Structures are given as structure tokens and as C-alpha cells.
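# Observations on the three-dimensional arrangement
Read off the chains here:
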Amino acid sequence: VGLIGGISLIVGTIIGSGIFISPKSVLVNTGAVGPCLIIWTICGVIGTLGALCFAELGTMITKSGGEYPYLMEAYGPIPAFLFSWTSLIVIKPTAFAIICLSFAEYVSAPFYPGCSPPTVVVKCLAASAILTIILVNSLSVKLASNVQIFFTAAKMIIVIIIIVSGIVLLAQGKSQNFENSFEGSTVTAGSISLALYNGLWAYDGWNQLNYITEELKNPYRNLPLSIIIGIPLVIVCYVLINIAYFTVMTPTELLQSPAVAVTFGDQVLYPASWLVPLFVAFSTIGAANGTCFTAGRLVYVAGREGHMLKFLSYISIKHLTPSPAVIFYGFVGMIYIIPADISTLINYFSFAVWLFYGVTIAALIVMRFTRKELKRPIKVPIVIPIFMVLVSIFLVLAPIISQPEIAYLYCVLFILSGLIVYFPFVHFKVRWAQKITTPITIFIQILMEVVPPDDTTE
């Protein structure tokens, strides 16, 4: 992957469903247009600073797998395993479910004008999307790659349409919603943290290049350049899209809209308003495909270290795809569409992911003192990782303190429950654990015609 490919991966992964779903959640937690736009900008800056920290980590430890190899080098196998455990069961399948639910809401919205689509319709469409993506990614790497390229191009078309429409409307004087833009704002630690959660969800994907570091051409140059070019481009797009929304919708209208971009299209692009839900559906399904496409990297690296069930790192003999990992992700993602509450899923997802972001960026600080011998082609000022660790602590603790929910406790308990799996299956490799996993591995190998990656040939 070269520089253009790196930029495309960052932009294509970040711009998915978030900008078409999160505006409502950011606005409801800020209460006014002004703070809403500020939150979107701050989220972009946080994403950029976090990506720069990951750029130092990625050029210092040039292994694929995202946070996993950095946690392994800094803290040892237990934190690395807990990250891979949580990612496998919570973080990535939750993201997959959120994006597919977003896709389902936008596809079904035009058929239910003036009201929200029935929950059962949304769930069935999301399940169908997951099954289709699993099938594509299990059958062919080339097919999945071509699908990703097509949907990335489609999502940029709808982004440009919305931005240009907003600029035209502003030029025509549609700026009344920006007057007294801070009136009625609600600014508390809890509301800000929840607004940041939803905004940062829309920016999530800024660390995706670290999952394919081993496949980057000249990572010392292309990794930081892709970040410096790609993320600011997304910030500009996101802020301009939100401004476009507010040129035609008051805050109240935006909050009442079942699908923000569809409402925008109905008011601005009629009779071609059908283009908006079509291209938004393309955008969301493309992001879901990208999530599934890269999911195997973490599983493979963790499997290489003996930290995952062996069959999850196997590759199909016939199709040369990581089909066991893909199917497992799809199965867990199916479970997460059962609640069908996107806001709750985003908060649950963000709590877990920012916990590990903070621990990983703290690893950068730790290795400045414990691994001085490692070469650092990119070295960010120490104040940036310190600031990002403080941001992570705020994002993890603020919602718990201001609006405590039992779901956060469940999330922590689930992360720690990985220790119950780690010690018998990974650390001690006790016989009864091997007796459980070995037959499962053999059965999967025969049933799905898969083998370990080292056994495949071109």
C-alpha cells in the first residue's frame, strides 16, 4: 500500500455511517449549533493527535495488528491478550453491528416517510447486510477489495453533493440557524463526554493503517503523511456537512429526523432526493465491508502469538481468505444487532475502545524510558501522548461519574473475564483446555477446508 492507498484507507474507513448518524447524538448532548460544531472540530483534532502517537508506535514497531503488538512490547502478553479478547468479542463486532444498523435505517427510511422504520425491519436488513458482507469476504479477497473501491468512490460522491448544496444555500442567505448558536447549550462533563463519544465514533478509523503496517510501502514516510493529509481532509468534510445540515434544519428538526441526510435530501434535492439514501447506503455498507475486510489482521497476529483459538487464524484452501475469522465476526455482530439501539452501542463501544487507546498511548510514554534502544523515525513531542492519555481518562471516567450505568460495569467485567480464558488456554496450556480446543480446531479444519496460513501456497 502506497501513499494514495494509505490516504484512501484512512478516509474510506473513517467516513462511513458516523457523519450520517452521529449529528443527532452530538447535538442532543450539546443542546445548540455552536457547541455542536466545536465538538466536531475537537474530535477531529483528538483523532489527529492520536494518529500521530500511533505513527510513532507504528514506525518504531513495524508489525501489523494495531494496538496488539505495542501492548505486547510495552506491558507483556496479558494486556495484549485482553485487548485481542475484547476486540474479538466487543470492539470490532460492535462497530460492525452499528454500521449495519445505520445502513438498515437509511435503506428503510424512504419507505416510511414521517416516521421511524419498524425495529424488526431494521434488524432484518442489518442481518442481511452482515450475511452478504460475510459471503463476499469469505469467497474472494479480490471481490471484497473491488467492492471496497466502488463504495469508497460512492461515499465521496454523496459527501461532495451535501457540501456543495450547503455552500449554495449559505450563499443564498440560509444562515438563520447559526444566529445565537450558543443559546440553550448544555455544557457538563457528562454531556461533553457523551458528545465526544459520538463525534469520535464518526472519526474512528484513524488508526487503521497500523493494522497493515507490514504491508505499507516505506512506512516511515507514508504512515505519517497519510495521517497528516487524510484526517484533516475528513475534519473539513465533517464540519462542512454539519453546516450544510443546519442550513435547512433547525436543531429541533434535526433531532426529530429519523435519518438526517435523508431529511436534508428531501428538502434540498427533490425530485432527486432518492440519491441521498442510496449513496448513504453505499457509504455505510462500504464501511462495514472495510471493517470486515481488515478484521482478520488482528486475529492473524494474535493467532501467530498463540493468543487466539487456532482455527481463527486459518485460511481457506480454495479461496485463500480468512473465512473462519470472518464468519466468527459476523456471528458475534449478529448478536449485537439484537438491541438495535445505536446510541447505546456507540457508548458501549467507545468506552471499551478509548480504554485501550489510552493504555496504548501510555505505552508510548512507557517505552520512551524502558525501550530507549528502539529506533524512532518519527518522534512526537512528549506533551502529545500525555495530553491524549488525559483525554482518554476523561472519556472513560466522565460518563461513569456523571451518568453511571450498569453497562459500563459489565464492559469492565467482560474485559477482565479474558483472564479466565488466558491462564488455562494460553499461559499454562493445561491438558483439559487442549482437549477442548483441539477437536474443535480439527472439526473446523475439515468442515471449512481451511489450513494455517503457513500451509497455504500461491
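Everything below is about the structure printed above this text.
Remember, predicted model here, so these are calculated numbers, not experimental data.

## Examining unusual backbone geometry
With a phi close to 50 degrees, Asn180 is a non-glycine residue in the positive phi region. Among the structural elements, Asn180 can be located in the loop between α7 (141–171) and α8 (189–203). Within the chain, Asn218 stands out as a residue other than glycine whose phi angle is a positive 45 degrees.

## Section: the environment of Pro377
Assignment of secondary structure puts Pro377 in the loop between α14 (342–370) and α15 (383–402). For Pro377, a relative accessible area of 45% gives the class partly exposed. Between the C-alpha atoms of Pro377 and Pro219, which are 158 residues apart in sequence, the distance is 9.9 Å. Residues contacting Pro377, with those up to four places away along its chain left out, are Thr59 and Tyr220.

## Concerning the pattern of salt bridges
In the structure shown here, the tally under the stated rule is 5 salt bridges. Note that Lys63 and Glu73 form a salt bridge whose closest N and O atoms lie 3.9 Å from each other. Of this pair, Lys63 sits in the loop between α3 (33–60) and α4 (67–75) while Glu73 is found in helix α4, placing the two residues 10 residues apart along the sequence. Salt-bridge contacts for Glu373 lead to Arg371; the nearest nitrogen and oxygen are separated by 2.7 Å. You can call Glu373 exposed: its relative accessible area is 55%. A relative accessible area of 22% means that Arg371 is categorised as partly exposed.

## What to know about the nonpolar core
Grouped together as the largest cluster of nonpolar side chains are 145 residues, with contacts concentrated most on Phe20, Ile162, Tyr238, Tyr245 and Trp354. At 19 residues, helix α5 (residues 77–108) tops the list of elements feeding residues into this core. Here Tyr245 is in contact with Ile19, Phe20, Pro23, Ile162, Leu254, Val260, Ala261 and Phe264, once residues within four sequence places are set aside.

## A few points about the state of the cysteines
Tallied over the entire structure, the rule returns 0 disulfides. With no disulfide partner, Cys53 has as its closest neighbouring cysteine sulfur the one in Cys43, 16 Å distant. Here Cys237 stays unpaired: no disulfide links it, and the sulfur of Cys43, its closest cysteine neighbor, is 16 Å away. The exposure class assigned to Cys237 is buried, which follows from its relative accessible area of 8%.

Parameters and conventions
- Residues numbered from 1 in each chain as written.
- Predicted model: local features only at pLDDT ≥ 70, side-chain atom pairs only at ≥ 80, totals over all residues.
- Heavy atoms only, no water.
- Helix = DSSP H or I, 4+ residues; strand = E, 2+ residues; numbered from the N terminus.
- Buried < 20%, exposed > 50% of the residue type's maximum accessible area, 1.4 Å probe, protein only.
- Contact = heavy atoms within 4.5 Å.
- Salt bridge = Lys/Arg side-chain N within 4 Å of Asp/Glu carboxyl O.
- Core = buried A, V, L, I, M, F, W, Y, C linked by side-chain atoms within 4.5 Å.
- Disulfide = S-S within 2.5 Å.

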